[in-house]
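Topology and contacts: notes
One letter stands for each residue in the lines below.
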Amino acid sequence: MRKILLLLCCLFSIAASSQDAITITGKVLDAETRMPIPGANIIEVGKNNGAITDFDGNFELQVSPTSTLEISYVGYLTKSVPASKDITEILLEVNAESLEDVVVVGYGTQKKYSVISSVSTIEPEELQTSSSRSVSNNLAGRLAGVIAVQRSGELGYDNAQFWIRGISSFAGNSSPLVLVDGVERSLNNIDPAEIATFSILKDAAASAVYGVRGANGVILITTKRGKIGKPQLNVRYEHSITKPVHLPEFIGAVDYLELFNTIAREEGTTPPFSEERIENIRAGNDPDLYPDVNWLDEITKDFASNDRVNLTISGGTDLLRYAFVASYYNEQGIIERDPSQEWDSSPNLDRYNLRSNVDLNVTPTTLFRVSIGGYLQDLRRAPQSVDNLFNLAFETPPYQHPTQYSSGEIPVQPERSNPWALATQTGYERQSASKLESLFSVEQKLDFLLKGLKTTFKFSFDRYNANSVTRRKNPDYFNPATGRLDDGSLDLTIYSYGQDFLGYETGSDWGDKAVYIESRLEYSNNFGDDNQVDGLLLYNQRNYDNGDRLPYRNQGFAGRFSYSRKRRYIAEFNFGYNGSENFAKGKRFGFFPSVAAGWIISEEPFMEKLKESISNLKIRASYGLVGNDQLGGRRFPYITTIGDTGGYRWGVNNDYQRAGRWEGDYGVPDLTWETVAKANLGIELGLWNSINLRADIFKEQRRDIFQQRRTVPGSSGFVNNPWANYGKVDNQGFELSLDVNKQFSEDLFIKAWGNFSYAHNEIIEQDEPKALIGTSRSSTGKPVGQIFGLVDDGLFKNEDFENIEEGILKEGVPEHTFGPVRPGDIKYKDLNGDGRITGLDNTAIGGTYTPEIVYGFGINTQYKNFDIGLFFQGNAKTDRIIGGQYFIPGTGAAALGNIYANVNDRWTVENPSQDVFWPRLSNQTNANNGMASTWWLRNMSMLRLKNAEIGYILPKKLTKKVSMKTARFYLRGNNLLTFSSFDLWDPEIDTSTGFRYPPIQAFTAGIDINF
């Protein structure tokens, strides 16, 4: 009975408490500008009850009338107010201590004002404005200092190539180090919804703590973690219709055959194709015998699609915070399938991402963190190389045979391929890859020993594996039909017999696994109001096993000491002391220090009168060393290897044999790190609290580049030339970024931004043979990847010849040695003056294929509930030599190769113009015209409308009715427009003929809901 009465009392107390609760509806504003603060936390003190303001700063919270509310937001002073129905506005004051924000830097965070290294950051929302699978495709033009290009759009292989401040080495690895939650991982398969912060470390002050792994810059990603407050639920879904950005265009079969007849007449030979055949194709008579096939159209679809779903749940209390992110991504490719087959060979990719981060305050001074994440990715496609399918579609002429005869047989030219059949009739393969990422950490405050002291221990274990199943078959192939029989059927003969059933085979990849351990000691404290001291000492080690003979291991120490005086004068010292397995004992550890200094001029007393105009003015400089131990794939180069000679034979008939061995790569015990000396000078300028300008100039000197010697005489006896720390490369450039954020009224907000990155490198030393030094063919003093070729002198004219029929040139015209020449062929300059055009006349032409300039700019505008955004991205100082086998019309003798649609822009006897795309055409290979030269050099610079988006936020009176906090609908387009002087194919993809899976244009509709 007593228990029942106690229960009734409890229920009555709860009911009374519920009845006494009041509902507070208010708005959180900046005290100075009175602009709304979205994302502010409002907590009922002492209870697990809270709310977060929406985009307009509004909140609604049911609390006890006797409680106290605590309102907080990053960059503002926390405020406490008594609960009251009369609350309508809460004003937050800017916290001068925090100065707006913190920035993630190497092994920690720093207050934004105190960052004097070169660091670029991006809001995670900006990484969610693309339908691409890989985050790397969203970097170009978004972050100053990042040089990035997407070289292919193929499913699962569409990751961008990117470098921080360009390329500064001609050997080994130039890619930056990527750390996710402090652990070395890839960014290509993390979903943007998982990301909380994204930072790029560019100079030595930022990356020296990573020692031998920091030479190429560092990318730091942190994933979302929970915050104190009620559970927050976000659901985001988008569906996209996709199509290729740009595919090459070709002439049809009629124009193809007529062109070869025209070439034959120009060369005085009999036209190879009859007018009857051409007319039958033109009239569409009997497509089985007179086909007109665009092979590129046959193997690709006009449209495909992709879908993305994100679910994010976060929240927590003073004791426990959590964040859970689940994502699903599906993409269909543009390669065609045969719907009559029971299997589906068209490309399809499914990726499932999960990440769960939990923070637990075990005690008031002990924080335990658990992070579990990973992905599962399934890819289905035809069991063929997609690049090979595109190449075969280019090689197969349009008139030879159809994709499939009307009676069902599949034709093929002997010793050739049917691209459509390879894409649709040979079965399919399924590839599956999975990754598990784990991280455990314990943080212990040690204020009882020394105020501001704490220690952290981290342990991470990651595991990746992949496998595949291939169901393959070859169909029956027939020789092209020679006519029709009396009964009307095709006159066919079998070329090769295939299989009736799909085969079965499996494949597996050992994958890789990594174990990472880190222990750190950190100190941060204020001494009075004027002195801030921060320190870090850290040890880490990593064991990476990819199935090689031995795991890869490295370990090291890192440290940082920074001092700030009156938030005006800042000094910082960083170091990395790292060990690598690649060097002999006694040379395995290297010390990589850096120093930096900054002066915040805007905090000086003499700037007080200009504070309203110049809100921030900072000058910073840094210098230091970083290293690189990635030596072009060779491990343990201090050890001499033993090679296989291929064996020895002897005897009367050489019928005796024994295996033989000899010295392989010579071991060099004195090898050591590549070192990079990095200097950086930067300025930051803030105007009227709405405009922020950042400018950096930098110079990097990379020395001791690990390379194989090129000038060792053969008499030295080395089987393979020895390796040495010999190369030198300088890299320099500048970066600019501008951000404008202006709230013109309560209804109108405009954000505009732009950035520009330029990086130019130069090879100082590469052990070039003496025969090349000082000649036009020398690459020393040129950029890494410099393009070389002949310099054209226009096209040959009649007056260049003594005898046109025999191709005899006049005296004084250099002899062209690559093959016979005639009027209309490419004429080259004799650079070495020997009277002959040979390979010795090659020289540096154009620049490099990797762009030296990448830039981006955009604008976002919000008016009431509507928003619209545009983002343009471009690159410049990027060139390519176009051409390849069968590229020039006619070189395949009508048996191989398609012909581009611009073929009429050519030299002919009737049109002997110098201003044409194509030189004289021939029905056979013309070696002279196919040489790499300025004639085929093309500027691949471009400007692309990367993103255009329009959105609408539903009014709160509607979302309240369905228990939503906010709901936004949006339409978006990606890769909508491309502006470039080169228009044969997309200028960004990695091909000299246009035959590669292109980037994808996407039209997206989506919804983003917060509960």
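On a predicted model such as this, the values are computed, not experimentally measured, just so you know.

About the thresholds
Residues numbered from 1 in each chain as written. Predicted model: local features only at pLDDT ≥ 70, side-chain atom pairs only at ≥ 80, totals over all residues. Heavy atoms only, no water. Helix = DSSP H or I, 4+ residues; strand = E, 2+ residues; numbered from the N terminus. Rg over C-alpha atoms; globule rule 2.2 N^0.38 Å. Buried < 20%, exposed > 50% of the residue type's maximum accessible area, 1.4 Å probe, protein only. Contact = heavy atoms within 4.5 Å. Salt bridge = Lys/Arg side-chain N within 4 Å of Asp/Glu carboxyl O. Pairing = 2+ DSSP bridges. Axes fitted to C-alpha atoms, helices over the stretch in contact; angles between N-to-C directions. Expected span 1.5 Å × (residues − 1). Patch = residues over 30% accessible without salt bridge, like charges linked within 9 Å, V, L, I, M, F, W, Y side chains within 5 Å. Areas by Shrake-Rupley, 256 points an atom, 1.4 Å probe, with all protein chains shown as cover. UniProt positions renumbered as here; feature names shortened; annotations may be inferred. Phe/Tyr/Trp six-rings, centres within 6.5 Å; stacked < 30°, edge-to-face > 60°.

**Here's the deal with the overall build of the chain**
- Within the chain, the regular secondary structure consists of eight helices and 55 strands.
- Against the 2.2 N^0.38 benchmark of 30 Å for 1011 residues, the chain shows a C-alpha radius of gyration of 34 Å, consistent with a compact globule.
- With the C-alpha coordinates of the chain rotated into their principal frame, the extents come out at 110 × 75 × 70 Å.
- Across the 1011 residues of the chain, 51% fall into the buried class.

**Topic: the side chain of Asn 188**
- Tracing the backbone through its elements, the reader meets Asn 188 in the loop between strand 14 (183-184) and strand 15 (195-201).
- For Asn 188, a relative accessible area of 16% corresponds to the buried category.
- When residues no more than four places from it in sequence are discounted, the contact partners of Asn 188 are Arg 133, Ser 134, Val 135, Ser 136, Asn 159 and Arg 351.

**Details of the pattern of salt bridges**
- Scanning the entire structure with this criterion turns up 62 salt bridges.
- Glu 126 serves as the salt-bridge partner of Arg 142, at 3.5 Å between the closest nitrogen and oxygen. You can see Arg 142 sitting in the loop between strand 10 (119-122) and strand 11 (146-149) and its partner Glu 126 sitting in the loop between strand 10 and strand 11, a full 16 residues away along the chain.
- Judged by its relative accessible area of 10%, Arg 142 is buried.
- On the basis of relative accessible area, Glu 126 is assigned to the buried category, the value being 17%.
- The residue Glu 194 makes a salt bridge to Arg 355 at a minimum N-O spacing of 2.4 Å. Highlighted residues: Glu 194 in the loop between strand 14 and strand 15 and Arg 355 in strand 20 (residues 348-363), separated in sequence by 161 residues. We note that Glu 194, like Arg 355, is buried.

**Description of the sheet that holds strand 5 (residues 68-72)**
- Spatial strand order, 3-2-5-6: four strands in an open sheet with antiparallel pairing. The open sheet has two free edges, formed respectively by strand 3 (50-52) and strand 6 (79-82), since each of these has just one partner strand. Across the sheet, the mean angle from the axis of one strand to that of its neighbour is 20°, orientation sign disregarded.

**Topic: the environment of Leu 937**
- If you trace the backbone, Leu 937 turns up in strand 52 (residues 937-939).
- Residues Leu 937 and Ile 334 lie 603 residues apart in sequence; the distance between their C-alpha atoms is 30 Å.
- Those residues in contact with Leu 937, other than ones at most four positions away along the chain, are Ile 787, Ile 845, Gly 846, Asp 879, Arg 880 and Ile 881.

**Some remarks on helix 3 (residues 253-266)**
- Here helix 3 spans 20 Å end to end across 14 residues, near enough to the 20 Å set by a 1.5 Å rise per residue.
- Of the surrounding elements, those touching the buried residues of helix 3 are helix 4 (275-283).
- Just downstream of helix 3, Gly 268 is the residue with a positive phi angle, here 80°.

**Things to note about a nonpolar patch on the surface**
- A cluster of nonpolar side chains, Phe 557, Phe 561, Phe 573, Tyr 577, Phe 589, Phe 591, Val 595, Tyr 623 and Leu 625, forms an exposed patch at the surface whose accessible area comes to about 820 Å².
- Where the nonpolar patch is concerned, the elements lending two or more residues are strand 29 (552-565), strand 30 (569-580), strand 31 (589-600) and strand 32 (614-628).
- Looking at the nonpolar patch element by element, the count peaks at three residues for strand 31.
- Residue placement: Phe 589 occurs in strand 31.
- By relative accessible area, which is 39% here, Phe 589 ends up partly exposed.

**A word on the UniProt feature "domain: TonB-dependent receptor plug" (unreviewed entry) in the chain**
- Mapped onto this structure's residue numbering, the UniProt feature "domain: TonB-dependent receptor plug" (unreviewed entry) falls at residues 112-218.
- Secondary structure across residues 112-218 divides into 4% helix and 24% strand, with the first and last C-alpha atoms of the span separated by 18 Å.

**Description of the packing of aromatic side chains**
- Summed over all chains, the structure comprises 38 aromatic pairs.
- Judged by centre distance (6.0 Å) and plane angle (15°), the ring pair of Trp 650 and Tyr 656 falls under stacked.
- A relative accessible area of 42% means that Trp 650 is categorised as partly exposed.
- Note on Phe 866 and Tyr 952: the rings are 4.7 Å apart at their centroids and 45° apart in plane angle, and the pair reads as tilted. Here Tyr 952 lies in strand 53 (residues 942-953) and Phe 866 lies in strand 50 (residues 866-876), a separation of 86 residues in the sequence.
- Through successive ring pairs, a cluster of aromatic residues spans Phe 250, Phe 394, Phe 887, Tyr 900, Phe 917, Trp 918, Trp 936, Phe 982, Trp 985 and Phe 995.

**A short note on the sheet that holds strand 1 (residues 22-30)**
- Taken in spatial order, the three strands make up an open sheet running 4-1-7, and their pairing is mixed. The open sheet has two edge strands, strand 4 (58-63) and strand 7 (89-92), and neither has a second partner. Averaged over all pairs of adjacent strands, the angle between strand axes in this sheet comes to 35°, irrespective of strand direction.
- Alignment of strand 1 against strand 4, held across six bridges, turns out to be antiparallel. In the strand pairing of strand 4, Lys 27 is matched with Asn 58.

**Let's talk about the environment of Lys 513**
- Tracing the sequence through the fold places Lys 513 in strand 27 (residues 505-527).
- Residue Lys 513 is classed as partly exposed on the basis of its relative accessible area, which comes to 32%.
- Along the sequence, Lys 513 and Pro 551 sit 38 residues apart, while their C-alpha atoms lie 9.5 Å from each other.
- Those residues in contact with Lys 513, other than ones at most four positions away along the chain, are Asp 462, Arg 463, Asn 543, Tyr 544 and Asp 545.

**Section: unusual backbone geometry**
- Of note, Asp 704 is a non-glycine position whose phi angle comes to about 60°, a positive value.
- With respect to the element layout, Asp 704 can be found in strand 38 (residues 691-708).
- A positive phi angle is found at Lys 877, which is not glycine, with a value near 55°.
- Locating Lys 877 in the fold gives a position in the loop between strand 50 and strand 51 (879-881).
- Using a relative accessible area of 42% as the deciding quantity, one classes Lys 877 as partly exposed.

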